[in-house]
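Examining the three-dimensional arrangement
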Amino acid sequence: MPMRLDTLVIARTLRYVLGPATLIMLGGCATLTIVPAEHLDGQRLTPTAEPVAHIYAANWGVYLFKYLPLITGSLSRPGVPRWPALFSDEVQIDLLVEKVSAESKQLGGTVLTDLRTRDRSHWLDWTLIFWLNEFEVSANSSR
C-alpha cells in the first residue's frame, strides 16, 4: 500500500509541475485576420466611404501574477508559426490598435470605424500564480 501512495504523490506532483511548464512552453499567440471588401457581398461598412476590409487582431500570453510577462505572441509576424516572444509585454490594447491601423493604411484605408476592443484575460486558477492575458481588437477600414 505505501508504494501505491508514493506513485499517487509522484503523479500529482508531475501534474502540478508539468502542466504549467507545458502551458508556458506552448503559450503565446498573435493573430491578424483581414476580410477584404470582395468578401462583404456588396455590403457597405459606412454610408459614404468605399469599404476596404474588416480587420481583426488578437494577442495572448502567459503572465506571472498578471503583470510580469513570461511568454506572449509576437505582433511582428502574427499567425506565423514560430517561437513566441519571451519576457516581452506585447499583449496590450494600444499595440493591437496600432497593428490594425497600420494594416488599414497598408491596404489603402483612410478611415477606421467601429473600432472595438475586448479583454478576455483571466486567472489560471489551477496554477495559482499564472494569468492568461488576451486582448482582441477589430475595426472596419474604408477610404
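Attention in this report is confined to the structure presented alongside it.

Calculation notes
Residues numbered from 1 in each chain as written. Predicted model: local features only at pLDDT ≥ 70, side-chain atom pairs only at ≥ 80, totals over all residues. Heavy atoms only, no water. Helix = DSSP H or I, 4+ residues; strand = E, 2+ residues; numbered from the N terminus. Buried < 20%, exposed > 50% of the residue type's maximum accessible area, 1.4 Å probe, protein only. Polar contact = N/O pair within 3.5 Å; in protein donor to acceptor, adjacent residues only side chain to side chain. Contact = heavy atoms within 4.5 Å. Core = buried A, V, L, I, M, F, W, Y, C linked by side-chain atoms within 4.5 Å. Phe/Tyr/Trp six-rings, centres within 6.5 Å; stacked < 30°, edge-to-face > 60°. Lys NZ or Arg CZ within 6 Å of the ring centre and 35° of its normal. Patch = residues over 30% accessible without salt bridge, like charges linked within 9 Å, V, L, I, M, F, W, Y side chains within 5 Å. Areas by Shrake-Rupley, 256 points an atom, 1.4 Å probe, with all protein chains shown as cover. Salt bridge = Lys/Arg side-chain N within 4 Å of Asp/Glu carboxyl O.

Moving on to the side chain of asparagine 140. Here asparagine 140 lies in strand β7 (residues 130–142). For asparagine 140, a relative accessible area of 9% puts it in the buried group. A distance of 2.7 Å separates a polar atom in the side chain of asparagine 140 from a polar atom in the side chain of histidine 54. There is a polar contact of 3.2 Å between the side chain of asparagine 140 and the side chain of aspartate 114. Dropping the residues within four chain positions of it, asparagine 140 is found in contact with Leu45, Ala53, His54, Val111, Leu112, Thr113 and Asp114.

Formed by 13 residues in total, the largest nonpolar core has its most connected members in Leu96 and Val100. For this core, the element with the most residues is strand β2 (residues 51–64), which contributes five residues. With sequence-adjacent residues up to four places away left out, leucine 96 is seen in contact with Ala57, Ala58, Asn59, Leu75, Phe135, Glu136 and Val137.

Ring pairs (aromatic) are described by centroid distance and by the angle formed between their planes. Tallied over the entire structure, the rule returns zero aromatic pairs. Between lysine 66 and the ring centre of tryptophan 131, over which it is positioned, the NZ or CZ distance is 4.7 Å.

This brings us to the side chain of threonine 113. Turning to its location among the elements, threonine 113 is positioned in strand β5 (residues 111–119). We classify threonine 113 as buried; its relative accessible area is 18%. The residues contacting threonine 113, other than those within four sequence positions of it, are Leu45, Thr46, Ala139 and Asn140.

Residues Phe65, Tyr67, Leu68, Trp123, Leu128 and Ile129 make up a contiguous nonpolar surface patch of about 700 Å² in total accessible area. For leucine 68, the location among the structural elements is in strand β3 (residues 68–72).

Within the secondary structure, leucine 112 sits in strand β5. Overall, the relative accessible area of 30% leaves leucine 112 in the partly exposed class. It is 9.6 Å that separates the C-alpha atoms of leucine 112 and isoleucine 55, two residues lying 57 residues apart in sequence. Residues within four places of leucine 112 in sequence aside, it is in contact with Val100, Ser101, Ser104, Ala139, Asn140 and Ser141.

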